[in-house]
Amino acid sequence: MEKLLIVTPGTLPVPAVKGGAIETFIQFLIDYNEKQQMFDITLVTQFDKECMQQQKKYKNCKFINIKYERNLLGKIINVILSKLKIGNFLHHKSYNELVDEYIIANNHFNKILFENNFKLICDFDITKYKGKKYYHIHYNDINSEMDLELQKKIKTKFAQIEKIITVSDFIKVKCDEILANITKTIPIKISIDIKNFSHIESSYLNEIKSKINADNQRIIMYAGRLVKEKGVLELIKAFKKISTSYNAKLVIVGGVTYSDNRVTEYIKELYKESKGYNIYFTGYVNYKMIKYYYANAEILCLPTLYVEEASGTVLLEARTLGVKIVSTDSGGIPEYLGKNDIKVIRDNHFIDNLSLALINSLNIHKVEEESIEYYNCDRFSNQVFNCLE
């Protein structure tokens, strides 16, 4: 059996006990390999005590848990000491530095799959790593809009990569803008745990219904980070135009990022804009509970405005529970839209466009049945592994 090293981004641990889309996809891979035994896997991930307990159930995956300095003060000290070139005894090594050391010290893998760890590819000499190398890109990180010097560096670095696996045709096109003659790109649509999202416990469902006061109200939901580029402020303004006419409530699920519930200046602006309207902020929600918010919603809105999304995980999760989708034409999202979903064009009339789309979606009373089965996690995992020739 071939030895496969999977290198995670190091942002969150795997298994995905703390959530994270990429970490969840990686867990799909190692779960599938437990059943199919396609590779002898070693997985490098961030150290986490809770995660290490979950790792014990895996028989065909060895975990390398990297412990490194993650707090802001430690990172600042690390940068200063690096600039001053003060001795290693004062140097707190980064996640990627420790990963690089591990690979060089254990250079016996047949294949290495880098999961969206762009900085490791660009900042380290991966020619030292034995075995075929593959890169799984989950964001719009590589495109012709980059600085020309960076493009040149990427071309050199990615010449060492056998294949790039992308999460949408959109990301494939973007990568091919500068890497078409350098390496091969293969689009593989993302997946979700359909079985998990289809299983709803009535006690939790009713708990969330009571929490957001969903009885006799039509719930429009946003799920994601509360940052400017996601278009949350514009969603609130669009919702205010229609809320009273349709007995609707806007439920905004999420924080700044992951489990971060800080109230930023942008979030203060959201609160101010929402005052006096039927809008509810949940703050960060544990990933295990997100499906109960979907189950109480009629519409999920993805108003991404200032960035190009690579794909749409929350879109698939919500659709599993029969939720209608209203989304912008951002990046790869249109590739994931279904029969009952509405696409919003981002132009100078965006708020009006979004408001009209919400009205049109609320007026769809007969939802066409649509299978979500293609997006099951076993299909995804099998296609990814088959790419690693």
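First, a word on scope: everything that follows refers to the structure included in this document. Keep in mind it's a predicted model, so treat the numbers as computed, not measured. (Residues numbered from 1 in each chain as written. Predicted model: local features only at pLDDT ≥ 70, side-chain atom pairs only at ≥ 80, totals over all residues. Heavy atoms only, no water.)

### A closer look at the packing of helix H10 (residues 232-240) against helix H14 (residues 350-362)
- Look at H10 against H14: their axes get within 8 Å of each other, and the N-to-C directions meet at 60°. Overall, the two elements H10 and H14 adopt an arrangement that is oblique. The hand of the H10/H14 crossing is right-handed. Where H10 abuts H14, its residues Glu234, Leu235, Lys237 and Ala238 lie against Phe350, Ile351, Leu354, Ser355 and Leu358.
- In terms of residue class, the contact of H10 with H14 is built from 6 nonpolar, 1 polar and 2 charged. (Axes fitted to C-alpha atoms, helices over the stretch in contact; angles between N-to-C directions. Helix = DSSP H or I, 4+ residues; strand = E, 2+ residues; numbered from the N terminus. Parallel < 35°, antiparallel > 145°, perpendicular 65-115°, else oblique. Left-handed = near helix turned anticlockwise from the far one by under 90°. Contact = heavy atoms within 4.5 Å. Nonpolar A, V, L, I, M, F, W, Y, C, P; charged D, E, K, R; others polar.)

### A look at the pairing of strand E11 (residues 299-302)
- In E11, alternate side chains face the same way, and those of Ile299 and Cys301 on one face and Leu300 and Leu302 on the other are all buried.
- Bridge analysis of strand E8 (residues 218-223) against E11 gives 2 bridges, and the strand direction is parallel. By the bridge assignment, Met221 is partnered in E11 with Leu300.
- With helix H13 (residues 313-320) bridging E11 and the parallel strand E12 (residues 324-328), this β-α-β connection has right-handed handedness. (Buried < 20%, exposed > 50% of the residue type's maximum accessible area, 1.4 Å probe, protein only. Pairing = 2+ DSSP bridges. Right-handed = clockwise from strand over helix to strand, strands pointing away.)

### Re H13
- The element H13 is largely enclosed, with a buried count of 7 among its 8 residues.
- When we look at burial in H13, the residues that qualify are Thr313, Leu315, Leu316, Glu317, Ala318, Arg319 and Thr320.
- Buried residues belonging to H13 abut helix H1 (21-36), helix H8 (194-198), helix H12 (290-295), E11 and E12.
- Count one or two residues on from H13 and you reach Gly322, which has phi positive near 80°.

### Observations concerning the packing of aromatic side chains
- Under the criterion given, the structure shown has 14 aromatic pairs.
- Ring centres of Tyr336 and Tyr375 lie 5.8 Å apart, and the angle between their planes is 40°; this geometry places the pair in the tilted category. One end of the pair, Tyr336, is in the loop between E12 and strand E13 (342-344); the other, Tyr375, is in the loop between H14 and helix H15 (377-387), and 39 residues separate them in sequence. The pair formed by Tyr336 and Tyr375 is uniform in burial state, with each residue classed as buried.
- In this structure an aromatic cluster arises from ring pairing among Phe25, Phe28 and Phe380.
- A cation sits over an aromatic face here: Lys189 above Tyr336, 5.8 Å from the ring centre.
- Between the NZ or CZ atom of Arg379 and the centre of the ring of Tyr374, over which it lies, the distance is 4.3 Å. (Phe/Tyr/Trp six-rings, centres within 6.5 Å; stacked < 30°, edge-to-face > 60°. Lys NZ or Arg CZ within 6 Å of the ring centre and 35° of its normal.)

### As for the environment of Leu98
- If you trace the backbone, Leu98 turns up in helix H4 (residues 95-105).
- C-alpha separation for the pair Leu98 and Lys67, spaced 31 residues apart in sequence, amounts to 8.7 Å.
- Setting aside its immediate chain neighbours within four residues, Leu98 contacts Ile66, Lys67, Tyr68 and Lys93.

### Comments concerning the side chain of Gln217
- Checked against the element boundaries, Gln217 lands in the loop between helix H9 (202-211) and E8.
- Polar side-chain contacts of Gln217 include one of 2.5 Å to the backbone oxygen of Asn213.
- Apart from residues lying up to four places away in sequence, Gln217 is in contact with Asn247, Lys249 and Asn278. (Polar contact = N/O pair within 3.5 Å; in protein donor to acceptor, adjacent residues only side chain to side chain.)

### Some remarks on helix H6 (residues 148-158)
- All of the buried residues along H6 are Gln151, Ile154, Lys157 and Phe158. The buried residues of H6 occupy one face: seen down the axis, they fall within an arc of 130°. Residues of H6 that are exposed and point more than 90 degrees away from the buried face comprise Leu148, Glu149, Lys152 and Thr156.
- Where H6 is buried, its residues contact helix H5 (118-123), strand E5 (132-137), strand E6 (163-166) and helix H7 (169-179).
- The distance from a side-chain oxygen at the start of H6 to the backbone nitrogen of Glu149 is 2.9 Å, and the residue carrying that oxygen is Asp147. (Arc of directions from axis to C-beta.)

### Brief notes about the sheet that holds E11
- Taking strand neighbours across the sheet as the criterion, the 6 strands line up as E10-E9-E8-E11-E12-E13 in an open arrangement whose pairing is parallel. Each edge of the open sheet carries a strand with a single partner, namely strand E10 (279-283) and E13. Looking at each pair of strands side by side, their axes are set apart by 20° on average, direction ignored.
- Of the pairings in the sheet, the one linking strand E9 (residues 248-253) to E10 comprises 4 bridges and is parallel in character. Looking at the pairing, Ile252 lines up with Phe281 of E10.
- Against the sheet, H13 contacts E8, E11 and E12, and its axis sits at roughly 175° relative to E11.

### A short note on unusual backbone geometry
- With an omega of 0°, the peptide bond running from Val14 to Pro15 counts as cis.
- Tracing the chain through its elements places Pro15 in the loop between strand E1 (3-7) and H1.
- Here Asn213, not a glycine, exhibits a phi torsion of approximately 55°, which is positive.
- By the element assignment, Asn213 lies in the loop between H9 and E8.
- Taking the relative accessible area as the measure of exposure, Asn213 reaches 46% and is therefore partly exposed.

### Things to note about the pattern of salt bridges
- What the rule picks out here adds up to 22 salt bridges.
- We note a salt bridge from Asp123 to Lys119, for which the minimum N-O separation is 3.1 Å. Within this pair, Asp123 and its partner Lys119 are both found in helix H5, separated by 4 residues, close to a single helical turn.
- Overall, Asp123 belongs to the partly exposed group, its relative accessible area being 42%.
- Looking at Lys119, the relative accessible area reads 53%, which means it is exposed.
- A salt bridge links Lys324 to Glu298, with the nearest nitrogen and oxygen atoms 2.9 Å apart. In this pair, Lys324 is assigned in strand E12 and Glu298 in the loop between H12 and E11, connecting sequence segments 26 residues apart.
- Through salt bridges with shared partners, one network takes in Lys18, Asp48 and Glu50. (Salt bridge = Lys/Arg side-chain N within 4 Å of Asp/Glu carboxyl O.)

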